[in-house]
Amino acid sequence: MPEALMQDDVAANLAEVKARMAAAARDAGRTPEAVSLVAVSKTHTAERVRIALAAGQRVFGENRVQEAIAKFPALKDEHPDLRLHLIGPLQTNKSKEAVALFDAIESVDRPKLAASLAEQMAKAGRRPDCFIQVNTGAEPQKAGILPGEADAFIRDCRETYGLPLKGLMCIPPVEEAASIHFALLREIARRNGLSDLSMGMSGDFEEAIRFGATLVRVGSAIFGARPRPLA
Ligand SMILES: *Cc1c(COP(=O)(O)O)cnc(C)c1O
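Keep in mind that this is a model prediction, so the values were computed, not measured. (Residues numbered from 1 in each chain as written. Predicted model: local features only at pLDDT ≥ 70, side-chain atom pairs only at ≥ 80, totals over all residues. Heavy atoms only, no water.)

A. Local environment of the overall build of the protein. For the protein, the helix and strand inventory stands at nine helices and eight strands. The C-alpha atoms of the protein give 17 Å as radius of gyration, which agrees with the globular expectation for 231 residues (17 Å, within 12%). Principal-axis analysis of the C-alpha atoms gives the protein an extent of 50 × 40 × 30 Å. Looking at the protein as a whole, 52% of its 231 residues are labelled buried. Considering only intrachain contacts with a sequence separation of at least 6, the fraction spanning at least 24 residues in the protein is 61%. Carbon and sulfur atoms provide 53% of the accessible area of the protein, an area that totals close to 10,400 Å². Here the protein holds 30 positive side-chain charges and 30 negative ones, and the gap between their average locations is 3 Å. (Helix = DSSP H or I, 4+ residues; strand = E, 2+ residues; numbered from the N terminus. Rg over C-alpha atoms; globule rule 2.2 N^0.38 Å. Buried < 20%, exposed > 50% of the residue type's maximum accessible area, 1.4 Å probe, protein only. Contact = heavy atoms within 4.5 Å. Areas by Shrake-Rupley, 256 points an atom, 1.4 Å probe, with all protein chains shown as cover. Lys, Arg positive; Asp, Glu negative; His and termini not counted. Charge placed at Lys NZ, Arg CZ, Asp CG, Glu CD.)

B. Expanded view of the environment of Gly-137. One can find Gly-137 in the loop between strand E5 (129–133) and helix H6 (147–159). For Gly-137, a relative accessible area of 26% gives the class partly exposed. Once the C-alpha coordinates of Gly-137 and Ala-178 are considered, the two residues, 41 residues apart in sequence, prove to be 9.8 Å apart. Filtering out sequence-adjacent residues up to four positions away, Gly-137 remains in contact with Pro-173 and His-181.

C. Local environment of the state of the cysteines. Scanning all chains against the criterion turns up zero disulfides. Free of any disulfide, Cys-157 has its nearest neighbouring cysteine sulfur in Cys-130, separated by 7.4 Å. Sulfur of Cys-170: no disulfide; nearest cysteine sulfur belongs to Cys-157 and is 17 Å away. (Disulfide = S-S within 2.5 Å.)

D. Up close: the environment of Phe-102. With respect to the element layout, Phe-102 can be found in the loop between helix H4 (95–101) and strand E4 (104–108). Residue classification places Phe-102 among the buried positions, given a relative accessible area of 0%. As for Phe-102 and Gly-56, which are separated by 46 residues in sequence, their C-alpha atoms are 19 Å apart. In contact with Phe-102, not counting residues within four places along its chain, are Glu-62, Val-65, Ala-68, Leu-84, His-85, Leu-86, Arg-126 and Pro-128.

E. Molecular detail of the pattern of salt bridges. Summed over the entire model, instances satisfying the criterion amount to 15 salt bridges. For Asp-129, the salt bridge is made with Lys-166, and the minimal N-O distance between the two is 3.1 Å. Here Asp-129 is found in strand E5, whereas its partner Lys-166 is found in strand E6 (residues 165–169), with 37 residues between them in sequence. In this structure, Arg-191 engages Asp-151 in a salt bridge whose closest nitrogen and oxygen atoms are separated by 2.9 Å. Here Arg-191 is found in helix H7 (residues 178–191), whereas its partner Asp-151 is found in helix H6, with 40 residues between them in sequence. (Salt bridge = Lys/Arg side-chain N within 4 Å of Asp/Glu carboxyl O.)

F. How the structure looks around the site of the ligand. Taken together, Val-40, Lys-42, Ile-87, Ile-171, Met-201, Ser-202, Arg-217, Val-218, Gly-219, Ser-220 and Arg-226 make up the full set of residues near the ligand. Taking Lys-42, its side chain carries an N or O atom lying 2.7 Å from an oxygen atom of the ligand. Contacts to the ligand include Ser-220, whose backbone N or O atom sits 2.8 Å from an oxygen atom. Here the ligand loses 90% of its free accessible area of 390 Å² to cover by the protein chains. Within the shell around the ligand, the residues separate by chemical class into five nonpolar, three polar and three charged. (Near = heavy atom within 4 Å. Polar contact = N/O pair within 3.5 Å; in protein donor to acceptor, adjacent residues only side chain to side chain. Nonpolar A, V, L, I, M, F, W, Y, C, P; charged D, E, K, R; others polar.)

Here it is in structure tokens:
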């Protein structure tokens, strides 16, 4: 579909996702304000992000540093209250750029990266919120710390690296019930005193909210199918 024909949908899709989030929160006995929406704009143009901004959305997620650098500095100039989350794997050699641009980094998953982020934060005087990505399904191809190593890594992020740690993030295996993974992430956060849980995407954000998500990362339900598939 040509982009012009899809544009009107973004505002309507956004309203629908927010309504579904609020209903899921109420069903779970939680207040709608307890869950924020990260609108995942990867592969979509800055123009489509502007439609979401015009509709009041302020938090966005991108999974590639270079793509975010191409799109978001201008958008941040236009909307100083825009907040950008990195939700994809981060290479250590890009941590300087990530610290400069992002307001939250949700994919902290190894000591070398934690050390590099700490160093770049000290240099830049800028401290984006950090989330540790947990590979709850222990999938070999997927990023994230293994569940059995999470407690020690969380402690190191706090004590050794002094990162501003806010919570945990996970991407459940596609072929399994997400609820088991949401429950595991919630339990790791609980025993480590972490308040934020980034979990739930277009297909399962309502279930994630039932399991305590404080951030849901929703892309295709807002912006439509992605122009090109992403790993
Ligand atoms: C792409 C992506 C999302 C959004 O996925 P949708 O199914 O389009 O909502 C959420 N989290 C991460 C880490 C992603 O890469």
